[in-house]
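Structural characterization, general
Each chain, letter by letter, is given below.
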Amino acid sequence: MAIMERWTQKMTSEKAWSIQIESEKKWEAVEKEIGGFPAKRLYRPLAARDDSSNFIFEREWGSLAEAEAAYERLFKSPQAQSIMEEIKAQAREAGIENLVESRNIEYFYVID
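Let me sum up the structure you'll find in this document. Quantities reported herein were computed from a predicted structural model and do not represent experimental measurements.

About the cut-offs
Residues numbered from 1 in each chain as written. Predicted model: local features only at pLDDT ≥ 70, side-chain atom pairs only at ≥ 80, totals over all residues. Heavy atoms only, no water. Phe/Tyr/Trp six-rings, centres within 6.5 Å; stacked < 30°, edge-to-face > 60°. Helix = DSSP H or I, 4+ residues; strand = E, 2+ residues; numbered from the N terminus. Buried < 20%, exposed > 50% of the residue type's maximum accessible area, 1.4 Å probe, protein only. 1 Å grid on protein atoms, 1.4 Å probe; cavity = no way out; pocket = protein on both sides within 12 Å on 5 of 7 lines; lining within 4 Å. Points joined across faces, edges and corners; volume = space filled by probe spheres on them. Pairing = 2+ DSSP bridges. Axes fitted to C-alpha atoms, helices over the stretch in contact; angles between N-to-C directions. Contact = heavy atoms within 4.5 Å.

Scanning all chains against the criterion turns up nine aromatic pairs. Ring plane angle 80° and centroid distance 5.6 Å describe the contact between Phe37 and Tyr71, whose orientation is recorded as edge-to-face. Residue Phe37 is located in the loop between α1 (14-34) and β2 (41-43), and its partner Tyr71 is located in helix α2 (residues 64-76); the two are separated by 34 residues in the primary sequence. For the residue pair Phe37 and Tyr71, the accessibility class agrees, reading buried in each case. Judged by centre distance (6.4 Å) and plane angle (55°), the ring pair of Phe55 and Phe57 falls under tilted. Pair check on accessibility: Phe55 and Phe57 agree, each one buried. One aromatic cluster is present, built from ring pairs that chain together Trp7, Trp17, Trp27, Phe37, Phe55, Phe57, Trp61, Tyr71 and Phe75.

What follows is the structure, encoded as structure tokens:
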């Protein structure tokens with residue numbers, strides 16, 4: 001059964017938001033290279049209960065097992081390690097200790 005994955009991350013600042021958005025292009029390229037990742041839809045709240053500093057992405061998977069296997073491959077890859085190190089360096093350069101204040105990861109069954 002298909003599932004929808006949603007990550008909601010409260011960014012610590014506008015600069016943190018910018019670093020996150022810049023890194024998304026790199027994550028997309030690595031996910032494509034590794035294979036098995038559905039496309040993400042990226043969101044920023046405009047008029048919602050959520051803070052406008054939240055970075056949200058969603059994507060649909062064929063199953064939870066499919067998502068778990070893809071993330072396992074991703075986080076074992078040298079490309080992902082490189083991106084994470086690059087993000088840390090950009091944050092340090094910008095004087096930011098953490099990009100993300102809080103993170104919530106949810107999975108939903110897709111009904112239709």
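Time to look at the layout of surface pockets. The method is simple in principle: a probe with the dimensions of a water molecule rolls over the atoms, and the space it marks as empty is what remains. Quantified by volume, the largest pocket comes out at close to 470 Å³. Surrounding the largest pocket, 24 residues form its lining, Gln9, Gln20, Trp27, Ile87 and Arg103 being those nearest its centre. Elements supplying a minimum of two residues to the lining of the largest pocket: β1 (3-11), α1, β3 (54-61), α2, α3 (78-93) and β4 (100-109). Residue lining of the second largest pocket: Ile21, Glu24, Lys25, Glu28, Glu31, Lys32, Phe37, Pro38, Ala39, Lys40, Leu42 and Arg59, and that is the complete set.

Right, let's talk about the sheet that holds β3 for a bit. Across a sheet, strands are paired by hydrogen bonds formed along the backbone, either parallel or antiparallel in direction. Strand order across the open sheet formed by four strands is β2-β3-β1-β4, with antiparallel pairing between neighbours. Two strands lie at the open edges of the sheet, namely β2 and β4, each paired on one side alone. Neighbour-to-neighbour, the strand axes of the sheet open up by a mean angle of 15°, direction not taken into account. Direction of pairing for β2 relative to β3: antiparallel, over a ladder of three bridges. When the sheet's bridge partners are listed, Leu42 is paired in β3 with Phe57. Lying over the sheet, α1 contacts β1, β2 and β3, oriented at roughly 20° with respect to β3.

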